[in-house]
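Structure assessment
These are the residues of each chain, in order.
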Amino acid sequence: MRARLVAGNWKMHGSLAANRALLDAIVAGVHGVECAVCVPYPYLAQGQERLRGTQIALAAQNVSEHAAGAHTGEVSGAMLAEFGCRYVLVGHSERRQNYGETDAQVAAKFAAARAAGITPILCVGETLAEREAGRTEEVVLRQVDAVLGRSDFGDAVLAYEPVWAIGTGRTATPEQAQEVHATLQKRLSAATRILYGGSVKPDNAAAIFAMPDVDGGLIGGASLVAGDFIAICEAAQRKG
Ligand code: PEP
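To keep things clear, this report deals only with the structure shown in the data block. None of the values given here were measured: they were computed from a predicted structure.

Let us now look at the overall build of the protein chain. On a plain count of helices and strands, the protein chain comes out with 10 helices and eight strands. Here the protein chain has a C-alpha radius of gyration of 16 Å; the compact-globule value for 240 residues is 18 Å, and the two agree. Residues counted as buried form 54% of the 240 residues belonging to the protein chain. Sequence separation of at least 24 residues holds for 73% of the intrachain contacts in the protein chain that already meet a minimum separation of 6.

So, in structure tokens, the structure goes:
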């Protein structure tokens with residue numbers, strides 16, 4: 001059985017003081033399920049220090065496709081590894097949509113993370129227009145295949161995040177999530193974990209996590225509220 005994982009994506013939120021309180025609460029409150037927090041780059045050192053020796057994994061939100069060199073503003077996989085990152089998000093829809101990341105670039109970032117010994121969490125998902133045009137399966141498989149064309153998936157994690165559900169308060173129904181997860185699971189090894197992301201909250205988490213091919217969640221807004229994030233982790237723990 002696949003171990004469940006709940007990852008919090010803090011996006012561009014936080015401060016030293018706010019992070020301290022949030023990390024303290026998560027360390028104290030999350031038990032019995034694998035959990036990671038994806039913090040902004042400047043707070044990696046704070047995360048590394050606070051999470052050392054705890055059950056919570058540190059993660060980053062992005063990684064350069066390059067190993068080193070003249071790439072102003074970029075951060076390499078080796079740098080993330082030095083700060084103790086176990087995971088890194090790759091291909092989040094905000095990166096694809098707002099910063100023009102292509103499938104090829106996402107595949108290169110995935111490879112760079114693996115080369116640095118960091119487990120990528122590859123994000124895929126369709127827009128509302130793509131779903132309404134009946135293209136969901138085609139889009140998510142294209143995004144996965146771009147990575148598989150370049151790398152072994154290994155022990156990487158996949159996150160299905162319908163773009164129309166991210167930060168909108170509009171969640172895929174458990175059945176909609178399960179349908180896409182089942183399609184994706186067939187493309188990957190049976191051991192690959194597939195997280196669902198898109199407006200997961202304490203009141204809908206249990207129903208989503210109850211789906212057979214949903215192995216946890218990637219949580220945005222609710223990961224900034226300690227009580228909500230802990231409740232979502234508890235819902236993941238109860239599954240199975
Ligand atoms: C995300 O950013 O990956 C996400 C799922 O955000 P939210 O939970 O706020 O929809």
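Within this structure, the stated rule accounts for 14 salt bridges. Of the charged contacts in the structure, one is a salt bridge between Asp-155 and Arg-114, with a shortest N-O distance of 3.8 Å. Remark: Arg-114 occurs in helix H5 (residues 103–115) and Asp-155 occurs in the loop between helix H7 (136–148) and strand S6 (157–160); sequence separation between them is 41 residues. For Asp-155, a relative accessible area of 54% gives the class exposed. Under the relative-accessibility criterion, Arg-114 is labelled partly exposed at 32%. As a salt-bridge pair, Arg-187 and Asp-145 come within 2.7 Å of each other at their nearest N and O atoms. Placement of Arg-187 in helix H8 (residues 174–187) and of Asp-145 in helix H7 is noted, with a sequence separation of 42 residues between them. A residue is classified by how much of its surface remains accessible, and Arg-187, at 40% relative accessible area, is partly exposed. Here Asp-145 falls in the partly exposed class, since its relative accessible area comes to 29%. Residues joined in a network through salt bridges with shared partners are Arg-2, Asp-213 and Asp-215.

This brings us to helix H2 (residues 44–51). Those residues of H2 not exposed but buried are Leu-44, Gln-46, Gly-47 and Leu-51. Taken down its axis, H2 places every buried residue within 160° of arc, on the same side. Within two residues after H2, Gly-53 carries a phi angle of roughly 80°, on the positive side.

Let's shift gears to unusual backbone geometry. The backbone of Lys-11 sits at a positive phi, close to 50°, despite the residue not being glycine. By the secondary structure assignment, Lys-11 is in the loop between strand S1 (5–9) and helix H1 (16–29). For Ser-199, which is not glycine, the phi dihedral falls at a positive 55°. Take Ser-199: it is sitting in the loop between strand S7 (194–197) and helix H9 (202–209). The exposure class of Ser-199 is buried, given its relative accessible area of 11%.

Residues in close proximity to the ligand total 14 residues, the closest being Lys-11, Glu-161, Gly-167, Ser-199 and Gly-221. Asn-9 is positioned such that a nitrogen or oxygen atom in its side chain is 3.3 Å from an oxygen atom of the ligand. Separating an oxygen atom of the ligand from a side-chain N or O atom of Lys-11 is a distance of 2.7 Å. Considered on its own, the ligand offers 300 Å² of accessible surface; in the complex 98% of this is hidden by protein. When grouped by side-chain class, the residues that make up the shell around the ligand number four nonpolar, eight polar and two charged.

Now for the side chain of Gln-46. Checked against the element boundaries, Gln-46 lands in helix H2. Overall, the relative accessible area of 16% leaves Gln-46 in the buried class. Within polar-contact distance, the side chain of Gln-46 engages the side chain of Asn-19 at 3.0 Å. Once residues lying within four places of it in the same chain are set aside, the contact partners of Gln-46 are Ser-15, Leu-16, Asn-19 and Arg-20.

Next up on the list: the nonpolar core. Core analysis: the biggest nonpolar cluster contains 61 residues, and Val-37, Leu-80, Leu-122, Leu-158, Leu-184, Tyr-196 and Phe-209 have the highest contact counts within it. If one sorts the elements of this core by residue count, helix H10 (residues 226–238) sits on top with six residues. Not counting residues up to four positions away in its chain, the partners in contact with Leu-80 are Tyr-41, Leu-44, Ala-60, Asn-62, Val-63, Val-75, Cys-85, Val-88 and Ile-118. Ala-36, Cys-38, Cys-123 and Leu-195 belong to the second largest nonpolar core, which has 14 residues in total.

For the rest of this paragraph, the subject is the sheet that holds S7. The strand order around the closed barrel built from eight strands is S1-S2-S3-S4-S5-S6-S7-S8, with neighbouring strands paired in parallel fashion. Ignoring which end each strand starts from, the neighbouring axes of this sheet average 25° apart. Relative to S6, strand S5 (residues 119–124) is paired through four bridges, and the arrangement is parallel. In the strand pairing of S6, Leu-122 is matched with Leu-158. This element, H7, spans S5 and S6 of the sheet and lies at about 155° to S5.

The rules behind the values
- Residues numbered from 1 in each chain as written.
- Predicted model: local features only at pLDDT ≥ 70, side-chain atom pairs only at ≥ 80, totals over all residues.
- Heavy atoms only, no water.
- Helix = DSSP H or I, 4+ residues; strand = E, 2+ residues; numbered from the N terminus.
- Rg over C-alpha atoms; globule rule 2.2 N^0.38 Å.
- Buried < 20%, exposed > 50% of the residue type's maximum accessible area, 1.4 Å probe, protein only.
- Contact = heavy atoms within 4.5 Å.
- Salt bridge = Lys/Arg side-chain N within 4 Å of Asp/Glu carboxyl O.
- Arc of directions from axis to C-beta.
- Near = heavy atom within 4 Å.
- Polar contact = N/O pair within 3.5 Å; in protein donor to acceptor, adjacent residues only side chain to side chain.
- Areas by Shrake-Rupley, 256 points an atom, 1.4 Å probe, with all protein chains shown as cover.
- Nonpolar A, V, L, I, M, F, W, Y, C, P; charged D, E, K, R; others polar.
- Core = buried A, V, L, I, M, F, W, Y, C linked by side-chain atoms within 4.5 Å.
- Pairing = 2+ DSSP bridges.
- Axes fitted to C-alpha atoms, helices over the stretch in contact; angles between N-to-C directions.

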